[in-house]
Amino acid sequence: ETGVTQTPRHLVMGMTNKKSLKCEQHLGHNAMYWYKQSAKKPLELMFVYSLEERVENNSVPSRFSPECPNSSHLFLHLHTLQPEDSALYLCASSQVQAPEQFFGPGTRLTVL
Amino acid sequence: GQSLEQPSEVTAVEGAIVQINCTYQTSGFYGLSWYQQHDGGAPTFLSYNGLDGLEETGRFSSFLSRSDSYGYLLLQELQMKDSASYFCAVRVRGFQKLVFGTGTRLLVSP
């Protein structure tokens, strides 16, 4: 157990649905991240929150909307997704300026 | 732009030594990290090189040459449980941004 939990672990949704992914870290970290992992592609950084402020938005489509209500929780709100958005979505946390990021187990998303 | 290259697959036998290379082209480079990911699992941090040279952590070592934009991960006394994907990642501007390579799948056989 890495101290970073994600729910749900699996999600199937239609293109018109709205859903949210949840991430929680129990490590006392002050930075949190969303990554997308697709088959045969590198992990892609989507968003970075540092001290609860969004500091990086890596050209992500607006159908993905992050929310960080406090330093322990991170959400990714999804709406009108496309089939190519099907992937593993990984959350991570770290101390600001520390090189080590701790990853959660991911949410396997399938968009029909 | 930023890009990293690493071999797609490496095979070895138990007890052997294997080296996984990573070359990168980035701007605002701060350091090179290595992560391990087993099938169906989360990436886990292995090592970080912020300066040139060798970092050793048990059976794993990592090396960085900033002048050559090159690093490697060295795995010694390979075990079956080392079969996994290994990713290099460069740490760029702002300290918190990681850019990952496509990963190297290591297969360890008896």
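Source: prediction; values computed, not measured.

Thresholds applied
Residues numbered from 1 in each chain as written. Chains lettered and ligands numbered in written order. Predicted model: local features only at pLDDT ≥ 70, side-chain atom pairs only at ≥ 80, totals over all residues. Heavy atoms only, no water. Core = buried A, V, L, I, M, F, W, Y, C linked by side-chain atoms within 4.5 Å. Buried < 20%, exposed > 50% of the residue type's maximum accessible area, 1.4 Å probe, protein only. Helix = DSSP H or I, 4+ residues; strand = E, 2+ residues; numbered from the N terminus. Contact = heavy atoms within 4.5 Å. Pairing = 2+ DSSP bridges. Buried area = accessible area lost by both parts, 1.4 Å probe. Salt bridge = Lys/Arg side-chain N within 4 Å of Asp/Glu carboxyl O. Polar contact = N/O pair within 3.5 Å; in protein donor to acceptor, adjacent residues only side chain to side chain. Nonpolar A, V, L, I, M, F, W, Y, C, P; charged D, E, K, R; others polar. Axes fitted to C-alpha atoms, helices over the stretch in contact; angles between N-to-C directions.

Student: Pulling in residues and values, what's your account of the nonpolar core?
Tutor: L32, W34, L75, Y86, V90 and L106 of chain B are the most contacted members of the largest nonpolar core, which totals 24 residues. Put simply, the parts of the chain that give this core at least two residues each are β2 (9–13), β3 (18–25), β4 (31–37), β7 (60–65), β8 (70–75), β9 (84–92) and β11 (104–109) of chain B. Examining the composition of this core, we find that 5 residues originate from one element, β9 of chain B, more than from any other. Look past the residues within four positions of L32 of chain B in its chain and what remains in contact with it is C22, S47, Y48, N49, L64, G71, C88, A89 and V90 of chain B. In terms of nonpolar packing, the next biggest core, distinct from the first, is built from 22 residues, V4, F47, F64 and V111 of chain A among them.

Student: I'd like to hear about the pairing of strand β5 (residues 44–49) of chain B, residue by residue, with values.
Tutor: All names here are of chain B. Alignment of β4 against β5, held across 5 bridges, turns out to be antiparallel. The residue of β5 that forms the bridge with Q36 is T44. Counting the residues that bridge the hairpin from β4 to β5 gives 6 residues, and of these G40 lies at a positive phi of roughly 80°.

Student: How would you sum up the pairing of strand β3 (residues 18–25) of chain A? Please name residues and give values.
Tutor: All names here are of chain A. Here 4 bridges tie strand β1 (residues 4–7) to β3, and the two strands are oriented antiparallel to one another. When the bridges of β3 are listed, T5 appears paired with E24. Pairing between β3 and strand β8 (residues 73–79): 7 bridges, direction antiparallel. By the bridge assignment for β8, C23 is matched with L74.

Student: Hey, could you go over the interface of chain A and chain B for me, with residue numbers and the actual values?
Tutor: Facing the 23 residues of chain A at the interface are 17 residues of chain B. Considering only the surface of chain A that becomes buried against chain B, L43, Q97 and P99 of chain A emerge as the three largest contributors, covering 29% of it. Viewed at the interface, chain B and chain A are joined by 0 salt bridges. Counting the contacts that link chain A with chain B gives 3 residue pairs in polar contact (both at pLDDT 80 or more). Every element with two or more residues in the side of chain A that touches chain B is listed here: β4 (31–37), β5 (44–50), β6 (53–57) and β9 (87–94) of chain A. Per element, the largest residue contribution to the side of chain A that touches chain B is 4 residues, and it comes from β4 of chain A. Among the residues making up the side of chain A that touches chain B, the classes are represented as 15 nonpolar, 6 polar and 2 charged.

Student: Pulling in residues and values, what's your account of the sheet that holds β7 of chain B?
Tutor: Paired through backbone hydrogen bonds, the strands of a sheet run either parallel or antiparallel to each other. Residues and elements named next belong to chain B. As summarised here, the arrangement of the 5 strands in space is β1-β3-β8-β7-β6, forming an open sheet in which the pairing is antiparallel. Taken across any chain shown, the strands that pair with only one partner, and hence form the sheet edges, are β1 (3–5) and β6 (53–57). In this sheet, neighbouring strand axes are inclined to one another by 15° on average, regardless of whether the strands run parallel or antiparallel. By the bridge criterion, 6 bridges tie β3 to β8 in an arrangement that is antiparallel. Bridged to C22 within β8 is G71.

Student: Summarise the sheet that holds β8 of chain A; cite the residues concerned and give the values.
Tutor: All names here are of chain A. Spatially, the 4 strands line up as an open sheet ordered β1-β3-β8-β7, and their pairing is antiparallel. Each having just a single partner strand, β1 and β7 (64–70) make up the two edges of the open sheet. Taken pair by pair, the neighbouring strands of this sheet meet at an average axis angle of 20°, ignoring direction.

Student: Could you give an account of the environment of A92 of chain A, with specific residues and numbers?
Tutor: All names here are of chain A. Within the secondary structure layout, A92 lies in strand β9. Its relative accessible area of 0% is what places A92 among the buried residues. Taking the C-alpha atoms as reference, A92 lies 11 Å from H73; in sequence the two are 19 residues apart. The residues touching A92, leaving out its near neighbours within four places in the chain, are A31, M32, Y33, Y35, Q101, F102 and F103.

In short, shape yes, function no, at least from these values alone.
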